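Commentary on secondary and tertiary structure
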Amino acid sequence: MAFRRRNKSYPFFSQEFLIQNHADIVFSFVIFILIGLMFEATAKTAILFIQPQYNVTTLSAEGEVTLYQYGWKDSATILFYFFIAIILHAVVQEYLLDKVNRRLHLSKSKNTKFNESGQLCVFHFVSSVWSFYLLITEGYLLHPSSLWENYPHAHLRFQVKFFYLTQLAYWLHALPELYFQKVRKEEISRQLQYISLYLLHISAAYLLNLSRVGLVLLFLQYVSELGFHIARLFYFTDENHQKTFDLWAISFVFTRMVTLTLMFLAVGFGLARAENQGLDLEMGNFNTVLIRMIVLLLVCLTQSWLLWKFIRFQLRRWREFRHEQALRKKAAPKQPLRTLKRDSHHSKCSALVDILTSHLPLSLPVGHHENGVLKAENGASPRTKKLKST
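If you check an unreviewed UniProt entry, the protein chain appears there as TLC domain-containing protein from Scophthalmus maximus. Regarding the protein chain, the UniProt comment filed under Sequence similarities (unreviewed entry) reads as follows: "Belongs to the TRAM family." Under the UniProt heading Subcellular location (unreviewed entry), the note attached to the protein chain is "Membrane".

Within the protein chain, the regular secondary structure consists of 10 helices and 6 strands. Once local pairs closer than 6 in sequence are excluded, the contacts in the protein chain between residues at least 24 apart make up 68%.

Now for the packing of helix 6 (residues 185–207) against helix 7 (residues 211–237). Interaxial distance between helix 6 and helix 7 falls to 9 Å at its minimum, and their mutual angle equals 155°. Classified by the angle between their axes, helix 6 and helix 7 sit roughly antiparallel to one another. The segment helix 6 lies against helix 7, with Tyr-198, Ile-202 and Ala-205 engaging Ser-211, Gly-214, Leu-218, Gln-221, Tyr-222 and Glu-225. Across the contact of helix 6 with helix 7, the residue classes break down as 5 nonpolar, 3 polar and 1 charged.

Turning next to the nonpolar core. Counting residues in each nonpolar core, the largest one holds 58 residues, and the members touching the most others are Leu-147, Tyr-164, Trp-171, Ile-202, Leu-215, Tyr-222 and Met-263. Here this core takes 10 residues from helix 5 (residues 158–180), the largest share from any one element. Taken together, domain 1 (14–50) and domain 2 (53–323) each give at least three residues to this core, which thus spans both. Excluding its chain neighbours within four sequence positions, the residues that come into contact with Leu-147 are Tyr-140, His-153, Arg-212, Val-213, Val-216 and Leu-262.

On to unusual backbone geometry. Following Tyr-151, the chain continues into Pro-152 via a peptide bond in cis, with omega recorded as 10°. Mapped onto the secondary structure, Pro-152 falls in the loop between helix 4 (108–138) and helix 5. Backbone geometry places His-105, a non-glycine residue, at a positive phi of 55°. For Asn-150, which is not glycine, the phi torsion reads 60° and is therefore positive. Summarising the element assignment, Asn-150 is placed in the loop between helix 4 and helix 5.

Our focus in this paragraph is the side chain of Arg-292. Topologically, Arg-292 is positioned in helix 9 (residues 289–331). The side chain of Arg-292 is buried and forms no salt bridge, while Glu-275, the nearest opposite charge, is found at 13 Å. Polar side-chain contacts of Arg-292 include one of 2.6 Å to the side chain of Asn-287. When sequence neighbours within four positions are dropped, the list of residues in contact with Arg-292 reads Val-267, Leu-271, Ala-272, Gln-277 and Asn-287.

Our next topic: the packing of helix 4 against helix 7. Between two packed helices, both the angle of their axes relative to each other and the distance between the axes serve to describe the pair. Running from N to C, helix 4 and helix 7 cross one another at 145°; their axes reach a closest spacing of 8 Å. Judged by the twist between their axes, the crossing of helix 4 over helix 7 is left-handed.

Moving on to helix 7. The end-to-end C-alpha distance of helix 7, which contains 27 residues, comes to 38 Å, matching closely the 39 Å that a straight helix rising 1.5 Å per residue would cover. Within helix 7, 21 of the 27 residues are buried, which leaves it mostly tucked inside the rest of the structure.

What follows is about the pattern of salt bridges. Counted under the stated rule, the structure contains 7 salt bridges. Linking Glu-186 and Arg-184 is a salt bridge whose minimum nitrogen-to-oxygen distance equals 3.6 Å. Assessed through its relative accessible area of 35%, Arg-184 is described here as partly exposed. Arg-190 is the salt-bridge partner of Glu-187, the closest N and O atoms lying 2.6 Å from each other. Remark: Arg-190 and Glu-187 occur in helix 6; sequence separation between them is 3 residues, near one turn of the helix. When its relative accessible area of 25% is taken as the criterion, Arg-190 is described as partly exposed. Residues participating in the shared-partner salt-bridge network are Glu-116, Glu-187, Arg-190 and Arg-232.

Thresholds applied
- Residues numbered from 1 in each chain as written.
- Predicted model: local features only at pLDDT ≥ 70, side-chain atom pairs only at ≥ 80, totals over all residues.
- Heavy atoms only, no water.
- UniProt positions renumbered as here; feature names shortened; annotations may be inferred.
- Helix = DSSP H or I, 4+ residues; strand = E, 2+ residues; numbered from the N terminus.
- Contact = heavy atoms within 4.5 Å.
- Axes fitted to C-alpha atoms, helices over the stretch in contact; angles between N-to-C directions.
- Parallel < 35°, antiparallel > 145°, perpendicular 65-115°, else oblique.
- Nonpolar A, V, L, I, M, F, W, Y, C, P; charged D, E, K, R; others polar.
- Core = buried A, V, L, I, M, F, W, Y, C linked by side-chain atoms within 4.5 Å.
- Buried < 20%, exposed > 50% of the residue type's maximum accessible area, 1.4 Å probe, protein only.
- Domains from an automatic or database assignment.
- Lys, Arg positive; Asp, Glu negative; His and termini not counted.
- Salt bridge = Lys/Arg side-chain N within 4 Å of Asp/Glu carboxyl O.
- Polar contact = N/O pair within 3.5 Å; in protein donor to acceptor, adjacent residues only side chain to side chain.
- Left-handed = near helix turned anticlockwise from the far one by under 90°.
- Expected span 1.5 Å × (residues − 1).

Below you can see the structure in the form of structure tokens.
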């Protein structure tokens, strides 16, 4: 199974060989783990990589329900889906984005941003639909108070835990992709910033048993980011598409306001009024004043940083728009100037004709034209006769 078209062969285990064939190498690891399921001796080890662990069966009104907790074995599951994310990344790049890039003929800088937005569009779309489905099935939208009631939320359903594991796996896979995709040095720092922020916030929500609040915030963030990357894709295909950025700007400000309001409502007021105050690692209770303040401070700083970047982005767009308008105004009066030059040219020609005619002899014979020949009135030739020398 080849994901990259091989135009040139490289030595084994060289840098170019790993970059060109990284998806094939990772795919062989996945096949190796799946083959382990076929044998009884290795099935128990292979299942650690594929299926979430730490399941607990409890009784409820619906009957027996299987819930999940987190532990160190989740790292094996994250590693497996880390490999899956690399393979899917290569599939989207090879069979979708590269074909579009060949038609657009973008520059290197735009090509890198186009690939980034294309990959994130697919991920944000899938994640936003998936998170919205979980919010509906879990009933968090109809009952907002469930976001902080009965804390700690240490027991998760299979879909919720699997969602968080795949989220961590995807953002971890984005780190080596910076090397595999040969991202420019100017872009690495920017991409490392938002990758680190995603990993930090998702890990905090998962480990501090704030999975319900984190699920809502991830849904809002992914919908907002999906609008931004769609707007950027439209901009790369046609630079006249600017209105999509205006729509994204509205959703961005709305997302920041809802995020801050929800965090203060759930963590600042909801958990502060809960009865089980204190730190209990066995129960997964982290409801202390210090942890709540750290969580709120982290979210507020992140939202403030995002707003600062947003304001700078809008100011840059406004300056570019004003610059384009100024260029258009300067180019507009140049058209009548050309006509004035032409008129001056004609006036110079007419003046030259007047000068030449003024130097012609005034005693030209008067006559008329016949068949293009000047005839005198008395029948004589209009030319001056030469005097014969005696």
